[in-house]
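# Descriptive analysis of the structure
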Amino acid sequence: MRSHLLLAAVAFGLATAPAPATENLDWATIGRIRDEGFRRSQLMETAAQLTDVYGPRLSGSPQYKKAAEWARQQLASWGL
């Protein structure tokens, strides 16, 4: 009896589950994003600057203020 109820509950759940949504992907845009990330990423340079040049920083410390100013200037130079 329990197996019949379990089977009925599973069947009901599958029957009422929403169909997966489909969307059109813009593969050209995805390709441009991937190209930007793989060929022109500045992640390593940014990480090296913050870790090697400014090192560990406590909130409100001079190193924190210098790193924050560098980050502000860098983001501004990127147009952000």
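Residues numbered from 1 in each chain as written. Predicted model: local features only at pLDDT ≥ 70, side-chain atom pairs only at ≥ 80, totals over all residues. Heavy atoms only, no water.

### Here's the deal with the overall build of the chain
Secondary structure assignment for the chain yields 4 helices and 0 strands. The order of helices and strands in the chain, counted from the N terminus, is α-α-α-α. In the chain, which comprises 80 residues, the proportion classed as buried is 8%. For the chain, the exposed surface amounts to about 7,300 Å²; the carbon and sulfur share of it is 63%. (Helix = DSSP H or I, 4+ residues; strand = E, 2+ residues; numbered from the N terminus. Buried < 20%, exposed > 50% of the residue type's maximum accessible area, 1.4 Å probe, protein only. Areas by Shrake-Rupley, 256 points an atom, 1.4 Å probe, with all protein chains shown as cover.)

### Focus on the pattern of salt bridges
Under the defined criterion, the tally for this structure stands at 4 salt bridges. Here arginine 40 ties to aspartate 35 by a salt bridge, and the two come within 2.9 Å at their closest N and O atoms. Overall, the relative accessible area of 28% leaves aspartate 35 in the partly exposed class. Close ionic contact of arginine 72 with glutamate 69 constitutes a salt bridge, the shortest N to O distance being 2.7 Å. Here the residue arginine 72 and the residue glutamate 69 both occupy positions in helix α4 (residues 62–77), the gap between them amounting to 3 residues, near one helical turn. What makes arginine 72 partly exposed here is its relative accessible area of 48%. (Salt bridge = Lys/Arg side-chain N within 4 Å of Asp/Glu carboxyl O.)

### Quick word on a nonpolar patch on the surface
There is a patch of nonpolar side chains on the surface, built from Leu25, Trp27 and Ile30 and spanning about 320 Å² of accessible area. You can see leucine 25 is positioned in the loop between α1 (2–16) and α2 (27–39). (Patch = residues over 30% accessible without salt bridge, like charges linked within 9 Å, V, L, I, M, F, W, Y side chains within 5 Å.)

### Quick look at the side chain of threonine 46
For threonine 46, the position within the fold is in helix α3 (residues 43–53). Separated by 2.8 Å, the side chain of threonine 46 and the backbone oxygen of glutamine 42 make a polar contact. The residues contacting threonine 46, other than those within four sequence positions of it, are Trp70 and Trp78. (Polar contact = N/O pair within 3.5 Å; in protein donor to acceptor, adjacent residues only side chain to side chain. Contact = heavy atoms within 4.5 Å.)

### Section: the environment of glutamine 49
You can see glutamine 49 is positioned in helix α3. Spatially, the C-alpha atom of glutamine 49 lies 8.7 Å from that of alanine 67, the residues being 18 residues apart in sequence. Contact partners of glutamine 49, with chain neighbours within four places excluded, come to Tyr54 and Trp70.

### Notes on the confidence of the model for the chain
A residue-level look at the chain finds 79% of positions with pLDDT of 70 or above and a mean pLDDT of 84. When mean pLDDT is taken per element in the chain, α2 scores highest with 94 and α1 scores lowest with 67. (pLDDT = per-residue confidence, 0-100.)

### Digging into α3
The element α3 is barely covered by neighbouring structure, given that only 1 of its 11 residues are classed as buried. Remark: glycine 55 follows α3 within two positions and exhibits a positive phi of approximately 60°.

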